[in-house]
Amino acid sequence: ECRLPDVDLTIFDNFEISGDQHLPGFNDASVVSFMSVNNNFRHFPTTSISRFPNLRHIKVSGSLIYQLLDGAVANRQGLETLSLSNNLIDSIDPRAFTGTTNIREFNMMFNRLRNLDPAVFNMLPQLLVLDLSLNLLERIPASIFINNPALSSLNLNANRIVFVNQTFFDSILNLTTLQFNANL
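The shown structure was predicted, so the numbers you read here are calculated from the model rather than taken from an experiment.

A. Here's a closer look at the overall build of the protein chain. Of regular secondary structure, the protein chain possesses 1 helix and 10 strands. Going residue by residue from the N terminus, the α and β elements of the protein chain occur as β-β-α-β-β-β-β-β-β-β-β. Taken over 184 residues, the protein chain has a buried fraction of 42%. Split by element, the accessible area of the protein chain, about 9300 Å² in all, is 51% carbon and sulfur.

Following this line, the structure appears as structure tokens:
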């Protein structure tokens, strides 16, 4: 059996891969990292990445994504890291991650999140590192991390949080790093 080398695919400046476009030099199954920087995506590029079944890392930064919709990152069992920093995301549907249970690192830094549904991270039981810094969060639901027992690092810097319910910490027993600077 011949194994193809792992490939990292980086896309810059308004280039999108359509479903029938083939990129020379590698097989779609060999792509393990997808990075898109400064593209004008208005939605998470579900269609563009659907042709890469073995992605372990996805970064879409500097786009115009304003919501993470139902099923946006669905059925990606191999996905370990997801970075959606520097977008315009103001909401995440709790079903966005259906069937994607192995994400360990999730970066949502520098978006426009104001509120989070208490079930938003329920589908991410392996989550270790979460960065929600530089958003507009005003509160964090007390039971939001009840299904994230492995969470060890949480960055909430530079939001608008003024109150945290004491029960918030009851479900995050493995937390070793909490960053909470520059909140109102």
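B. Focus on a nonpolar patch on the surface. Taken together, the side chains of Val162, Phe163 and Leu184 present a nonpolar region at the surface, about 390 Å² in accessible area. Within the fold, Val162 resides in the loop between β9 (153-155) and β10 (177-179). Judged by its relative accessible area of 63%, Val162 is exposed.

C. A look at the packing of aromatic side chains. Inspection of every chain in the model, using the stated rule, returns 6 aromatic pairs. Both rings, one in Phe34 and one in Phe52, keep their centres 6.3 Å apart while their planes meet at 35°; by these two values the pair is tilted. Taken as a pair, Phe34 in strand β2 (residues 31-37) and Phe52 in the loop between α1 (46-49) and β3 (57-61) lie far apart in primary sequence, 18 residues in all. Of the two residues examined, Phe34 and Phe52, each falls in the buried class. One aromatic cluster in this structure is built from Phe97, Phe106, Phe121, Phe145, Phe168 and Phe169.

D. Geometry of the confidence of the model for the protein chain. Looking at the protein chain, the pLDDT average stands at 88 and 85% of residues meet or exceed 70. Within the model, the stretch residues 12-22 combines pLDDT values under 50 with 25 contacts to residues more than four positions away or in other chains.

E. Representation of the side chain of Ser85 in the model. As for its placement among the helices and strands, Ser85 is situated in the loop between β5 (81-83) and β6 (91-92). Apart from the residues lying within four places of it in its own chain, the contact partners of Ser85 are Val60, Ser61, Gly62, Asn107, Met109, Phe110 and Asn111.

F. Expanded view of the pattern of salt bridges. Applying the stated rule across the entire model yields 4 salt bridges. Asp70 is the partner of Arg95 in a salt bridge, and the nearest nitrogen-oxygen pair spans 3.2 Å. Residue Arg95 is found in the loop between β6 and β7 (105-107), and its partner Asp70 is found in the loop between β4 (67-68) and β5; the two are separated by 25 residues along the sequence. Accessibility expressed as a relative area gives 45% for Arg95, which makes it partly exposed.

G. Broad picture of the environment of Gln126. Locating Gln126 in the fold gives a position in the loop between β7 and β8 (129-131). Overall, Gln126 belongs to the partly exposed group, its relative accessible area being 30%. Residue contacts for Gln126: discarding those within four places in its chain leaves Thr101, Asn102, Ile103, Arg104 and Ala150.

H. Broad picture of the nonpolar core. Of all hydrophobic cores here, the largest spans 42 residues; its most connected members are Phe44, Leu68, Phe97, Phe106, Phe121 and Phe145. Every element with two or more residues in this core is listed here: β2 and β3. Other than its neighbours up to four places away in sequence, Phe145 contacts Phe121, Leu130, Ile140, Leu151, Leu154, Phe168, Ser171 and Ile172.

I. Molecular detail of unusual backbone geometry. Phi angles above zero are rare outside glycine, and Asn75 is one such case at about 55°. On the basis of relative accessible area, Asn75 is assigned to the exposed category, the value being 61%. Phi at Leu134 is positive, roughly 55°, even though this residue is not glycine. Looking at where Leu134 falls in the secondary structure, it is placed in the loop between β8 and β9. Note on Leu134: relative accessible area 39%, which makes it partly exposed.

Quick notes on the rules
- Residues numbered from 1 in each chain as written.
- Predicted model: local features only at pLDDT ≥ 70, side-chain atom pairs only at ≥ 80, totals over all residues.
- Heavy atoms only, no water.
- Helix = DSSP H or I, 4+ residues; strand = E, 2+ residues; numbered from the N terminus.
- Buried < 20%, exposed > 50% of the residue type's maximum accessible area, 1.4 Å probe, protein only.
- Areas by Shrake-Rupley, 256 points an atom, 1.4 Å probe, with all protein chains shown as cover.
- Patch = residues over 30% accessible without salt bridge, like charges linked within 9 Å, V, L, I, M, F, W, Y side chains within 5 Å.
- Salt bridge = Lys/Arg side-chain N within 4 Å of Asp/Glu carboxyl O.
- Phe/Tyr/Trp six-rings, centres within 6.5 Å; stacked < 30°, edge-to-face > 60°.
- pLDDT = per-residue confidence, 0-100.
- Contact = heavy atoms within 4.5 Å.
- Core = buried A, V, L, I, M, F, W, Y, C linked by side-chain atoms within 4.5 Å.

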